[in-house]
Amino acid sequence: MSTPSTTDTATGGARLPLRRGLEGLTPYGAPQLDVPVLLNVNENPYPPSEAVVAEIADAVAKAAHGLNRYPDRDFPELRAELAEYLQVESGVALGAEQIWAANGSNEVMLHVLQAFGGPDRSVLSFAPTYSMYPEYARDTLTEWVAGRREEDFTLDVDHVRAQIAEHRPAVILLASPNNPTGTALPLDTIEAVCDAAAGAGPSGSDGAPTDAVVVVDEAYGEFRREGVASALTLLDRYPHLAVSRTMSKAFGMAGLRLGYLAATTQLVDHLRVVRLPYHLSAVTQAAALAALRHRAELMSQVASLRAERDALVTWLRGRGLTVADSDANFVLFGLFDDRHEVWNGLLERGVLIREVGPEGWLRVSVGTPQETAAFRAALEEVLGR
Ligand SMILES: *Cc1c(COP(=O)(O)O)cnc(C)c1O
């Protein structure tokens, strides 16, 4: 038998000094399976048009001529365009220096915890929520504290106040619309959290209490229903508030890796300290700018995805299922005694959804009308109704 000519043999492992707390851990991520209908990671099902693809390719080609140079570290043009986009989307006027961006809002959130978290500090959130949050905490040596959401996935403000008073967190993460539940928080809840967070953070270097940073993660913000306000409208009242967004979901650019955040210039300047130099490549900057120029076209599917989502909620409820209200491009539904069996039955019929959230629930992303129809047909078969 021949031995493969690689240094990575099973027996050749060194005793590597893996950091405490990482022992036995595997990389996080939803299973990536090759099936016809992918409704598991809340992507926008519509790929960019040929015209948008051509424009992105052209912008990247232009940027390629300068790839011998490092990119602009502060990317003022991209930040200005993102500010402009937020103004159009939510009516809130922001300066370019109030915007920060990174490779996905996952990296933006990591910057937040690198700047404000760390040893002897905690980050507070409320479960069930986005499963990446505890990982940012772990990776920045910040203590992870999970309070609870109510049965309907809202927040009990008294519980929030008690958690803040007990833990004096440096950062409070609120996903709204929340993943995996799809539910948005009312603006008055976010206001109450911001009020409670003021002066309730850990003590600063002078010993005086700081204001805990409240991050509202609006990754799904563009899918919110009529009348649901964005936390961007609170930015001018709370200097310790930050609102994060991403081009991964409504924008249909998950593969681009571009997330961003809006806050005060002061808060953004703290994030600039911890970013790696040149973290946003010239290629990413060029592609993101080209995509933003076509935002009207890229976003044109948002209205139909919202309508498709509302119809899906109604259809599921019509089957006697319990469905969380959704302001996102996915729907949490149940309750199943054996959700794995339902998930697996769908998979056998070529439909991949996500087994996530509290016991008994499943999450399905809103796809094209054809994909959603395939999901409905498969679910009817699996449930026999
Ligand atoms: C998908 C998602 C994000 C976006 O992550 P990116 O890194 O921007 O792709 C952020 N927060 C939540 C809650 C999400 O579900």
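Residues numbered from 1 in each chain as written. Predicted model: local features only at pLDDT ≥ 70, side-chain atom pairs only at ≥ 80, totals over all residues. Heavy atoms only, no water.

## Here's the deal with the domain arrangement of the protein
Once the domains are mapped, the protein shows domain 1 (30–46 + 301–383) and domain 2 (52–295). Placing a centre on the C-alpha atoms of domain 1 and another on those of domain 2 gives a separation of 27 Å. In this assembly, 21 residues from domain 1 lie in contact with 20 residues from domain 2. Surface buried jointly by domain 1 and domain 2 totals about 1700 Å² across both partners, of which 57% is contributed by carbon and sulfur atoms. Our count for the domain 1 to domain 2 interface comes out at one salt bridge. Put simply, R225 and D327 hold a salt bridge, and the shortest N to O gap is 3.0 Å. (Domains from an automatic or database assignment. Contact = heavy atoms within 4.5 Å. Buried area = accessible area lost by both parts, 1.4 Å probe. Salt bridge = Lys/Arg side-chain N within 4 Å of Asp/Glu carboxyl O.)

## Concerning the site of the ligand
Inspection of the region around the ligand gives G104, S105, N106, Y130, N179, D217, A219, Y220, T246, S248, K249 and R257 as its neighbouring residues. At 2.6 Å, a side-chain N or O of Y220 approaches an oxygen atom of the ligand. R257 is positioned with one of its side-chain polar atoms (N or O) 2.8 Å from an oxygen atom of the ligand. A total of 390 Å² of accessible area belongs to the ligand in isolation, and the protein chains cover 94% of it. Split by residue class, the shell around the ligand holds three nonpolar, six polar and three charged. (Near = heavy atom within 4 Å. Polar contact = N/O pair within 3.5 Å; in protein donor to acceptor, adjacent residues only side chain to side chain. Areas by Shrake-Rupley, 256 points an atom, 1.4 Å probe, with all protein chains shown as cover. Nonpolar A, V, L, I, M, F, W, Y, C, P; charged D, E, K, R; others polar.)

## Focus: the pattern of salt bridges
A complete count under the given rule lists 22 salt bridges for this structure. Because the salt bridges share partners, they merge into one network encompassing E89, E218, E222, R224 and R245.

## Notes on unusual backbone geometry
Residues apart from glycine generally show negative phi values, whereas peptide bonds are mostly found in trans. A cis amide bond links S176 to the next residue, P177, at an omega of -5°. By the secondary structure assignment, P177 is in the loop between strand 5 (171–175) and helix 6 (187–197). A cis amide bond, omega -15°, links G334 with the succeeding residue L335. Within the fold, L335 resides in the loop between strand 10 (330–334) and helix 11 (339–348). (Helix = DSSP H or I, 4+ residues; strand = E, 2+ residues; numbered from the N terminus.)

## Details of the UniProt feature "modified residue: N6-(pyridoxal phosphate)lysine" (unreviewed entry) in the protein
Taking the UniProt record as the reference, the feature "modified residue: N6-(pyridoxal phosphate)lysine" (unreviewed entry) is found at K249. Within the secondary structure, K249 is located in the loop between strand 7 (241–246) and strand 8 (259–262). Classification of K249 as buried rests on a relative accessible area of 14%. Setting aside chain neighbours within four positions, we find K249 in contact with V41, N42, N44, A219, Y220 and F223. (UniProt positions renumbered as here; feature names shortened; annotations may be inferred. Buried < 20%, exposed > 50% of the residue type's maximum accessible area, 1.4 Å probe, protein only.)

## Side note on the UniProt feature "domain: Aminotransferase class I/classII large" (unreviewed entry) in the protein
When the UniProt feature table is mapped onto this chain, "domain: Aminotransferase class I/classII large" (unreviewed entry) is found at residues 37–373. As annotated, residues 37–373 comprises 38% helix and 15% strand, and the C-alpha atoms at either end are separated by 10 Å.

## Let's talk about the sheet that holds strand 12 (residues 362–365)
Pairing within the open sheet is antiparallel, and its three strands lie in the order 9-10-12. A single partner strand is all that each edge strand has here, and the edge strands are strand 9 (322–323) and strand 12. (Pairing = 2+ DSSP bridges.)

## Describing the side chain of N44
Summarising the element assignment, N44 is placed in the loop between strand 1 (37–38) and helix 1 (50–64). Here N44 falls in the buried class, since its relative accessible area comes to 11%. Reaching out from N44, the side chain makes a polar contact with the backbone nitrogen of Y46 at a distance of 3.0 Å. Apart from the residues lying within four places of it in its own chain, the contact partners of N44 are K249, A250, F251, G252 and L305.

## Some thoughts on helix 3 (residues 105–116)
An ideal rise of 1.5 Å per residue puts 16 Å on 12 residues; helix 3 measures up with 16 Å between its terminal C-alpha atoms. Within the span of helix 3, buried status applies to S105, E107, V108, M109, H111, V112, L113 and F116. Phi for G118, located one or two positions after helix 3, is positive at around 110°. (Expected span 1.5 Å × (residues − 1).)

## Here's the deal with the packing of helix 3 against helix 7 (residues 265–274)
The packing of two helices is summarised by the inter-axis angle and the distance between the axes. At a closest axis distance of 8 Å, the pairing of helix 3 and helix 7 adopts a crossing angle of 90°. Classified by the angle between their axes, helix 3 and helix 7 sit roughly perpendicular to one another. From helix 3, H111, V112, Q114, A115 and F116 reach across to helix 7, where they touch L267, H270, L271 and V274. (Axes fitted to C-alpha atoms, helices over the stretch in contact; angles between N-to-C directions. Parallel < 35°, antiparallel > 145°, perpendicular 65-115°, else oblique.)

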